[in-house]
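Spelled out, the chains give:
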Amino acid sequence: MAKTRAEGWLLLADICGDTKFLTGTELEHADHILEELVRGVLSSLGEPFNLVKLEGDAVFSYALSSDVTDARVLVDRIDDAYHGFRMQLFNIERSADCECSA
């Protein structure tokens, strides 16, 4: 199998502090909350980024140079992913109906 080479960008979006969060809160809710936060990133990331892998709380994706006509689109998608994360965090905090530390 011949190897091919492509040019582009790699993106690793990682939720910092997840280990501390998981070990310091009730596991009943913590896993679900992290899943929701990652979902917020994924739902907002979109084209031209392609998902490679989810690893715990990290999203690994790439965008090929051939798919990007304007680099500002990359910055916009990254900005969208951050705002998706923040919106998901806001919604989780707003809808929490228990008194646990998660």
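Worth saying up front: this structure is predicted, and the values here are computed from it rather than measured. (Residues numbered from 1 in each chain as written. Predicted model: local features only at pLDDT ≥ 70, side-chain atom pairs only at ≥ 80, totals over all residues. Heavy atoms only, no water.)

Participant: Break down the overall build of the protein for me, citing the residues and quoting the values.
Facilitator: When helices and strands are tallied, the protein shows 3 helices and 3 strands. Helices and strands in the protein line up, N terminus first, as β-α-α-β-β-α. Burial analysis of the protein (102 residues in total) assigns 28% to the buried set. A separation of at least 24 residues holds for 64% of the contacts in the protein among residues at least 6 apart in sequence. (Helix = DSSP H or I, 4+ residues; strand = E, 2+ residues; numbered from the N terminus. Buried < 20%, exposed > 50% of the residue type's maximum accessible area, 1.4 Å probe, protein only. Contact = heavy atoms within 4.5 Å.)

Participant: Could you give me a rundown of unusual backbone geometry, with the residues and numbers involved?
Facilitator: For the bond from Glu 47 to Pro 48, the omega torsion is 15°, close enough to zero to count as cis. Here Pro 48 is to be found in the loop between helix H2 (27-45) and strand E2 (50-55).

Participant: Provide a residue-level description of the side chain of Glu 36, including the pertinent values.
Facilitator: Here Glu 36 lies in helix H2. When its relative accessible area of 17% is taken as the criterion, Glu 36 is described as buried. Among all residues touching Glu 36, those that are not within four sequence positions of it are Gln 88 and Ile 92.

Participant: Describe the nonpolar core, with residues and values.
Facilitator: Counting residues in hydrophobic clusters, the biggest one holds 17 residues, and the most contacted among them are Ile 15, Leu 37, Leu 45 and Phe 49. Elements that contribute at least two residues to this core include exactly H2, strand E3 (58-64) and helix H3 (72-95). (Core = buried A, V, L, I, M, F, W, Y, C linked by side-chain atoms within 4.5 Å.)

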